Amino acid sequence: MSVRVSPWQTLVCLLEAVGKVIGLLQPLYLAWFVDGAVRSNTPQMVLAVSAFTASIGLNWILQMAGTTARVNQMERVGFAFDKEIARITASIPTLDHLESPRYLDRLQILRDQQTALGGAFNMFVNTFNSLLTVAGTILLALTADARLLLLVLAGLPTLVVTRWISRWQAAAEKSSAEPGRLASHLLALGTSPTAGAELRVFGIRRTTRARLADAVTAWRQPAVLLAIRTNALQGACATFFFLTAAAVLAWMVSDALVRAVPVSALVLAVMLAGRLQNAGQSVQWAIASFTRIARITGQFLWLNDYDQQVRAAGSGVKAPPARFENGILLEHLTFSYPDADTPAVRDVNLHLPAGAVVALVGENGAGKTTLVKLLTGMYRPTSGQILLDDTDLAALDIDAWRASTAGAFQDHAKLELRVQETVGVGDLPRVHDPAAVHDALRGAASEDVLQVLPQGLDTQLGSSWTGGVDLSGGQWQRLAIARGMMRSQPLLLVLDEPTAALDAITEHRLFER
Ligand SMILES: Nc1ncnc2c1ncn2[C@@H]1O[C@H](COP(=O)(O)OP(=O)(O)OP(=O)(O)O)[C@@H](O)[C@H]1O
């Protein structure tokens, strides 16, 4: 993704690694300097100081260029991933995934970690730099004094615990997902004016607040516990390393006192001991980063795969008929919601004749809305089929089929736009055509809604916007019905409880039309 976003910037990021390699040699220059001082070799001292100073300068320039490019790249890559996730989530052609807790939990994890995807390239460059530094430091240490190998070994427990920490991290992300969603839901509930009335009338504000607090605690607690356990373990590893380093250096100092080890080697060893500790932390950090990147990238790829699977499952390419000859036939149609024990629609056989108006009557929960969603391709049948004339709905290009349908839905959207657009989006090519919107309002027996709107079709809807007005539940529903009337000749027009919020006179007028 980084290369796709900006190949040049990606290349500049790698300059930092070159700077790291140059910086690696600094302890060596210092040891040369000390060696020159001990042997009163002025040219060697001057050369060592010059090399040291040049390496600091070069290292600084390369690191500055690399870091600046990396920070820019992090934002751009993060933004590219955000866009991609939004595109995939919004373009999955069916709706059933939005009702599956498993899907929603995974999406929550992805959202919680979304910024890390942008940082993935940053982590990758850091990891590369760290590993380079570690390899160089170990090489230098081994050539300086074999006893420094003990310090390398003392860093190994740090690597072992990193695997445990990564496993705990994955578990923490998983257990935070559902409480995280609950916290978002309760927060939205507590801050929406619609729910606000009920919270106040029923006196459940305090209870809701307490539940929100509980949900936030359950959401954040795994991360806090993880931080405590991680810090404790890392602290223990750092202490072990420190004690080993102290013992090795004491051993070398005692050798230096009897001149068994040159002072320059001791200086080099002291510097490398510090660097080895950083190296241990860097490797730990690199492993943790890689595991995290792999986990988050796995979630992203899962979302991508999910989208592909849904598309492949209903990847019909046929165009819908220009007009129906026979109509729509439901054959042994059964549908179960994700994770539901019993089907919402079971073995339905029904003929909807071409040109007919069919009213479906049934008690609450009978499956009417589910049937509407199946007919518009929002869900795919669990078994059975929907035949449009003789063509299975699954074989049709779903977008083309939806473009041939129209409807007003029971849970209609309150689109807070200008009235022209709120209704006009029912037929996108004519969204800015006032005559088409007036026709649709007439078809829905809803022209009189305009009379209460100060700027007619130009009125902004939604009281939370400057100059916006709010509507009654019935008025919102009438605009939703008008939206459903925008397409002049749909193959299928579904009206799901279109008059639920309408007064008796308006309901009568609508059915008359
Ligand atoms: N998202 C969902 N997840 C699981 N079950 C659902 C979901 N939506 C509806 N159901 C169940 O499916 C069944 C049919 O619901 P549906 O909304 O289709 O009924 P309906 O006939 O439209 O009811 P109503 O007249 O009350 O609007 C009900 O038992 C309901 O509990």
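Predicted, not measured: the structure shown is a model, and the values here were computed from it. (Residues numbered from 1 in each chain as written. Predicted model: local features only at pLDDT ≥ 70, side-chain atom pairs only at ≥ 80, totals over all residues. Heavy atoms only, no water.)

With respect to the overall build of the protein
Across its full length, the protein carries 18 helices and six strands. Against the globule reference of 24 Å for 513 residues, the protein gives a C-alpha radius of gyration of 34 Å, more extended than a compact globule. Overall, the C-alpha framework of the protein stretches about 110 × 50 × 45 Å when taken along its three principal axes. Residues counted as buried form 42% of the 513 residues belonging to the protein. Looking at the protein alone, contacts between residues at least 24 apart form 75% of all its contacts between residues at least 6 apart. Carbon together with sulfur atoms contributes 62% to the accessible area of the protein, which is approximately 27,600 Å² in total. The positive charge centre, built from 43 side chains, and the negative charge centre, built from 43, are 11 Å apart in the protein. (Helix = DSSP H or I, 4+ residues; strand = E, 2+ residues; numbered from the N terminus. Rg over C-alpha atoms; globule rule 2.2 N^0.38 Å. Buried < 20%, exposed > 50% of the residue type's maximum accessible area, 1.4 Å probe, protein only. Contact = heavy atoms within 4.5 Å. Areas by Shrake-Rupley, 256 points an atom, 1.4 Å probe, with all protein chains shown as cover. Lys, Arg positive; Asp, Glu negative; His and termini not counted. Charge placed at Lys NZ, Arg CZ, Asp CG, Glu CD.)

Focus: a positive patch on the surface
A cluster of basic residues, Arg200, Arg205, Arg206 and Arg209, forms a positive patch at the surface. Take the positive patch: its biggest share by element is three residues, from helix 11 (residues 205-257). Positionally, Arg209 belongs in helix 11. (Patch = residues over 30% accessible without salt bridge, like charges linked within 9 Å, V, L, I, M, F, W, Y side chains within 5 Å. Salt bridge = Lys/Arg side-chain N within 4 Å of Asp/Glu carboxyl O.)

Let's talk about the site of the ligand
The environment of the ligand is made up of 13 residues, and the closest members are Gly365, Gly367, Lys368, Thr369 and Thr370. In this structure, a nitrogen atom belonging to the ligand sits 3.5 Å away from a side-chain N or O atom of Tyr337. Expressed as a share of its isolated accessible area of 640 Å², the protein-covered part of the ligand is 64%. (Near = heavy atom within 4 Å. Polar contact = N/O pair within 3.5 Å; in protein donor to acceptor, adjacent residues only side chain to side chain.)

Structural notes on the nonpolar core
Ranked by size, the top nonpolar core spans 22 residues in total, and within it Ile328, Leu330, Leu374, Leu375, Ile386, Leu388 and Trp401 carry the most contacts. Counting residues per element, the ones that place at least two in this core are strand 1 (327-335), strand 2 (345-353), helix 13 (368-375), strand 3 (383-388), helix 14 (398-403) and strand 6 (492-495). Each of domain 2 (327-403) and domain 3 (405-512) accounts for three or more of the residues forming this core. Excluding residues that lie within four positions of it along the chain, Leu374 makes contacts with Leu333, Phe335, Tyr379, Arg380, Pro381, Ile386 and Leu393. Counting 20 residues, the second-largest nonpolar core is a separate cluster that includes Ala31, Leu140, Leu151 and Leu272. (Core = buried A, V, L, I, M, F, W, Y, C linked by side-chain atoms within 4.5 Å. Domains from an automatic or database assignment.)

Observations regarding the pattern of salt bridges
One pass over the structure, following the stated rule, counts 12 salt bridges. When the shortest N-O distance is used, the salt bridge between Asp35 and Arg39 registers 2.9 Å. Between Glu178 and Arg181 there is a salt bridge whose closest N-O contact spans 3.9 Å. Of this pair, Glu178 and Arg181 are both found in helix 9 (residues 156-191), three residues apart, which corresponds to roughly one turn of the helix. A relative accessible area of 22% places Arg181 in the partly exposed class. Through salt bridges with shared partners, a single ionic network connects Asp105, Glu178 and Arg181.

Looking at the domain arrangement of the protein
Taken as a whole, the protein is organised into domain 1 (2-313), domain 2 (327-403) and domain 3 (405-512). On a C-alpha basis, the centres of domain 1 and domain 3 stand 52 Å from each other.

Details of the environment of Ser50
In this fold, Ser50 is placed in helix 5 (residues 42-91). Residue Ser50 is classed as partly exposed on the basis of its relative accessible area, which comes to 40%. Considered as a pair, Ser50 and Thr158 are 108 residues apart in the sequence and their alpha carbons are 37 Å apart.

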